[in-house]
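Examining the three-dimensional arrangement
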Amino acid sequence: MAAAILSVLAALAAYPVVGTGYGVRSVQQIFMWIALAGSWNLISGLTGYVSFGHVAFFGAGAYAGAILVASAGWPWPLAALAGGAAAVVLAVVIGYPCLRLKGPYFAIAMLGLNEVLRALVSYFEGLTGGGNGLSLPTLDASVPIYYVMGVLAVVVTAMSWLIVTSRFGLRLMTIREDEVAAEAMGIDTFHHKLAALLLSAVGPGVAGALMARDQGYIEPISVFPLAITVTMIVMALFGGKGTVFGPVLGAAALFVAQEIVWARYPYVHPLLFGAIIVGVVLLMPRGVLGLLQQRYRLPRTI
Amino acid sequence: MLGQVIISGILSGALYAMVALGLGLIFGVMRVINIAHGPLLMLGSYTTYFLYAHFGINPLLTVPIAMAVLFVVGVLLQRGLVFRVVDAPELSSLLLTFGISIMLVNLAQLAFTSDLRAVEYITGSWLVGGLAFSKPRMIAFVFAAAVTALSFLVLKFTRLGKAIRATSQSREVAMVCGVDVGRIHMLTFGFASALAAAGGALLAVIVAIQPEMGGVWTFKSFLVIVLGGAGNYPGALVGGLLLGLVEQVASLFLTTQLSEVVAYVLLVLVLLVRPSGLLGGRQT
């Protein structure tokens, strides 16, 4: 297992040397989706609290990073970390009121968060450029960003593994299975949920800032689209929510499928994503990896 | 100025109350938050647009037709998909209705394109004592108030309404008393979809129609439920009026962009200060 993972990582590390520009960009996108789907999985897959607005953390990171690069002249790696920090701050602001309660409050609050951020970004034009967007100084850093995005994907996945195999992860899953029982067993459910949310906000924040640097230009509609949330949810669900490698599997499989097949039918593509969500929830709630785990008695911690 | 704000607030508040009552009923009876509630409202708008544009039917007459159509859609959705997750963890029902909502929006995009549609029926305002009563909003208010009142009468006095309330209080006890709970779930979902459709049909003469118009209505309906207290049906009325008033007052002081944020801030504040709703809901 470890040898397989290491050889895959080594191959990916060597890839930019031989790959085309398009290939490098595509693999970098897969890294980004792994980081996003894996992060969504940390809060929603483990605690059962569905986030319908994870793109808000992505967009917050993108704007924080872009503003620091464009206005304050920060180097982009530092700005990427700051993007992660900005997303964490946002997660505290939103998680504190909404996670104290059981029930759908968090899900709906996240559903609206995206629109709110988009409105705020458009309003504070002086800082964000408003609807005109924000341009970053030109810089060709696609290979360094490839590596940093790759590291981010590895870090998010490693973090998932550490959490799933720890007592902290067990407590999160207890909350998912029965929150009242978790409380009765002495778990501080609020702070555990909040911690899971903060951890799940870091990845999208960093990824957003990296994406902003890579594209060189961001605007409200490009970094706050509902489609990004939908895609990460579909990827995590399809691969297997609550597992470590499910989001990795889902991100890689669906990204490739999207590039090869669905790119030809752009209008059917979001419809298919909705159908996959419905299908997975009804027919295989544990996703592909969950099915494999059951059938071949694989360990729970993959 | 203040009088105008209060009137505008009440006019839109009745619409909020009616649409939110649908979401609240589904939540009360099935413990499911229907993310697809807004997209169902959008389908109601398109039903009105279609009947008006192709058959020249008076938009006001399309309200009951849209309600009937969406009642059927709601029943089919419940029978086909939603009933499977009624007893599942919340995660499943939220994700399922989220998936349904994405499908509905994109189906609408395929069928009707993203072009903005409008039903031009009545425009202008009545002026009474220096206050302007927007005609389409006034008509929407009268319809919404009537539908909401009728819904409350049904809930309060009919056998069906009693069965719905009993099921939302305790499904097991309702079952023991001979209520066919599966049937009640189905009818409630259909009824709730019809309420959303009524909202959509009335909105069709007020705002532009497009496939993504519904999203914000899921959110606002939920906010109304939280304001009034979950599980407290008359609370929807209070919550709806309150939301309408707060939005109108906010629009006095804020730019259009920021007034969209007001509903959100309101939700976060209520969750912080009075999570059980202003009237106090039934704790679940």
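Just so we're clear, the structure is a prediction, and the values are computed from it rather than from any experiment. (Residues numbered from 1 in each chain as written. Chains lettered and ligands numbered in written order. Predicted model: local features only at pLDDT ≥ 70, side-chain atom pairs only at ≥ 80, totals over all residues.)

Here we look at the overall build of chain B
Each helix and strand in chain B was counted, giving 11 helices and 2 strands. Starting at the N terminus and ending at the C terminus, chain B contains elements arranged as α-α-α-α-β-β-α-α-α-α-α-α-α. Projecting the C-alpha coordinates of chain B onto the three principal axes gives extents of approximately 55 × 45 × 35 Å. Within chain B, buried positions represent 52% of all 284 residues. (Helix = DSSP H or I, 4+ residues; strand = E, 2+ residues; numbered from the N terminus. Buried ≥ 20, exposed ≤ 12 C-beta atoms within 10 Å, placed from the backbone.)

Some details on unusual backbone geometry
Residue and element names in this part refer to chain B. One non-glycine residue, Arg 31, lies in the positive phi region at around 60 degrees. Looking at the secondary structure, you find Arg 31 in the loop between α1 (2-30) and α2 (37-55). The exposure class assigned to Arg 31 is partly exposed, which follows from the 17 C-beta atoms found within 10 Å. Positive phi, close to 60 degrees, is recorded for Thr 113, a residue that is not glycine. Its location among the elements puts Thr 113 in the loop between α4 (90-112) and β1 (125-128).

Description of the packing of helix α5 (residues 135-157) of chain B against helix α6 (residues 159-169) of chain B
All names here are of chain B. Running from N to C, α5 and α6 cross one another at 80 degrees; their axes reach a closest spacing of 5 Å. Judged by the angle between their axes, α5 and α6 are roughly perpendicular. Mapping the contact onto sequence places Val 154, Leu 155, Lys 156 and Phe 157 in α5 and Leu 160, Gly 161, Ile 164 and Arg 165 in α6. (Axes fitted to C-alpha atoms, helices over the stretch in contact; angles between N-to-C directions. Parallel < 35°, antiparallel > 145°, perpendicular 65-115°, else oblique. Contact = placed C-beta atoms within 7 Å.)

Some remarks on the interface of chain A and chain B
The partner chain B presents 35 residues to the 33 residues of chain A that form the contact. Taken together, the elements giving at least two residues each to the side of chain A that touches chain B come down to α4 (76-98), α5 (105-123), α12 (226-239) and α14 (268-283) of chain A. At 12 residues, the largest contribution of residues to the side of chain A that touches chain B is made by α5(A). Of the residues that constitute the side of chain A that touches chain B, the class distribution is 27 nonpolar, 5 polar and 1 charged. (Nonpolar A, V, L, I, M, F, W, Y, C, P; charged D, E, K, R; others polar.)

Quick word on the pairing of strand β2 (residues 131-134) of chain B
Summarising the sheet, β1(B) and β2(B) pair through 4 bridges and their orientation is antiparallel. Bridge pairing in β2(B) links B:Leu127 to B:Ala132. (Pairing = 2+ DSSP bridges.)

Comments concerning the packing of α1(B) against α5(B)
Residues and elements named next belong to chain B. With their axes 8 Å apart at the nearest point, α1 and α5 run at an angle of 40 degrees to one another. Here α1 and α5 pass one another in a crossing that is left-handed. Residue-level contacts link Leu 11, Ser 12, Ala 14, Leu 15, Ala 17, Met 18 and Leu 21 of α1 to Arg 137, Met 138, Ala 140, Phe 141, Ala 144, Ala 145, Val 147, Thr 148 and Ser 151 of α5. In terms of residue class, the contact of α1 with α5 is made up of 12 nonpolar, 3 polar and 1 charged. (Left-handed = near helix turned anticlockwise from the far one by under 90°.)

Some details on the confidence of the model for chain A
On average, residues of chain A score 89 in pLDDT, and 100% of them reach the 70 mark or higher. The secondary-structure element of chain A with the lowest mean pLDDT is helix α6 (residues 125-128) of chain A, recorded at 80, while helix α10 (residues 189-215) of chain A shows the highest, at 94. (pLDDT = per-residue confidence, 0-100.)

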